[in-house]
Structures are given as C-alpha cells and as structure tokens.
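# Residue-level structure breakdown
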Amino acid sequence: MKRSVYFSILLLISSVIFSFKSSKCGLEVLNSYTQEIMGKNVGFYVKFKNSSKKSIDAFDYLVKYIDGFNELKGKKTFRWQSGNVIDELEPGETLKDGATNWVKGANKIKVLITRVHYTDNTTCN
C-alpha cells in the first residue's frame, strides 16, 4: 500500500531543476527551480546575487515558461524591491525570490533580468 501511494505521488508531482544562468548590471541569477503538477507549472524559486559594487534596492525580471521542446508557453514580469521590512541587496549578498503561477504545459523556466535600480538612484537597463 505504501509503495503505491509513493508511486502515485511521484507521478503527480515532478520537480525540475533548471539552471539558466543570466546576469545583467551586476545582478546574477545563480539558479532557478520550478515545479510542475499534473501538466501545469505551479511555481518557481530563483536565487539572485548582487555582483556589483553598489547596493540594489529594486529590480525587474522576466520569467519565460517553456516546455520540453523549448516552446514558449507563457511569460510574466516580476519586481523585487526593498522597503520598510526588506533591506536592500548589498554587494556580494544573495536573495531568494519566487511566486506561484499556473502555466499549462511548462516544465522549465528561463529568468532574465531586465532592469536594476541602485541605492545611489541610478538605473541600469
């Protein structure tokens, strides 16, 4: 009985580790993870690193959802920004970000940094 339950869970849930490395303006995508359940991409997790010499207080990034044939199934733009509770990203620091989503047929993601804003009020596109 236990064996069939575990097997059923493995069939329903498949986690994919997909590291598409990208960087822009001193901000790097170290790795990304995504999860597919029953043919839909239900969420992702990304780890970023500030490789610049400036503190970062905001950045935008694009997540492209693709399938096993590298066909685009969807894309969404996300924003991270510091605030009252969240400190800015200092040089050398890493941060984890993620979101839930429902993209049918996607089992991989590509994360592309599109814009970075620094605490000295400069922006890099």
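Here we summarise the structure given alongside this text. (Residues numbered from 1 in each chain as written. Predicted model: local features only at pLDDT ≥ 70, side-chain atom pairs only at ≥ 80, totals over all residues. Heavy atoms only, no water.)

Before going further, it helps to examine the nonpolar core. Phe48 and Phe59 are the most contacted members of the largest nonpolar core, which has 22 residues in total. Mapped onto this core, the elements with two or more residues apiece are strand E3 (27–37), strand E4 (40–50), strand E5 (56–66), strand E6 (72–81), strand E7 (94–104) and strand E8 (108–118). Beyond its immediate sequence surroundings of up to four residues, Phe59 is in contact with Leu27, Phe48, Phe78, Arg79, Trp80, Leu95, Arg115 and Val116. (Core = buried A, V, L, I, M, F, W, Y, C linked by side-chain atoms within 4.5 Å. Buried < 20%, exposed > 50% of the residue type's maximum accessible area, 1.4 Å probe, protein only. Helix = DSSP H or I, 4+ residues; strand = E, 2+ residues; numbered from the N terminus. Contact = heavy atoms within 4.5 Å.)

On to the environment of Lys108, then. Residue position: Lys108 is located in strand E8. For Lys108 and Gly68, which are 40 residues apart along the polypeptide, the C-alpha to C-alpha distance reads 7.5 Å.

One open sheet accounts for four strands, arranged E6-E5-E8-E9; its pairing is antiparallel. Both outer strands of the open sheet, E6 and strand E9 (123–124), are each paired with one neighbouring strand and no more. Pairing between E8 and E9: two bridges, direction antiparallel. The residue bridging His117 from the neighbouring strand is Thr123, located in E9. (Pairing = 2+ DSSP bridges.)

Quick look at the pattern of salt bridges now. Tallying each qualifying case throughout the model produces four salt bridges. In this structure, Lys54 and Asp120 form a salt bridge, with 3.3 Å as the shortest nitrogen-oxygen distance. Taken together, the residues Lys54 in the loop between E4 and E5 and Asp120 in the loop between E8 and E9 connect sequence positions 66 residues apart. Close ionic contact of Asp67 with Lys73 constitutes a salt bridge, the shortest N to O distance being 3.8 Å. By relative accessible area, which is 8% here, Asp67 ends up buried. By relative accessible area, which is 38% here, Lys73 ends up partly exposed. Connected through shared salt-bridge partners, Asp60, Arg79 and Arg115 make up one network. (Salt bridge = Lys/Arg side-chain N within 4 Å of Asp/Glu carboxyl O.)

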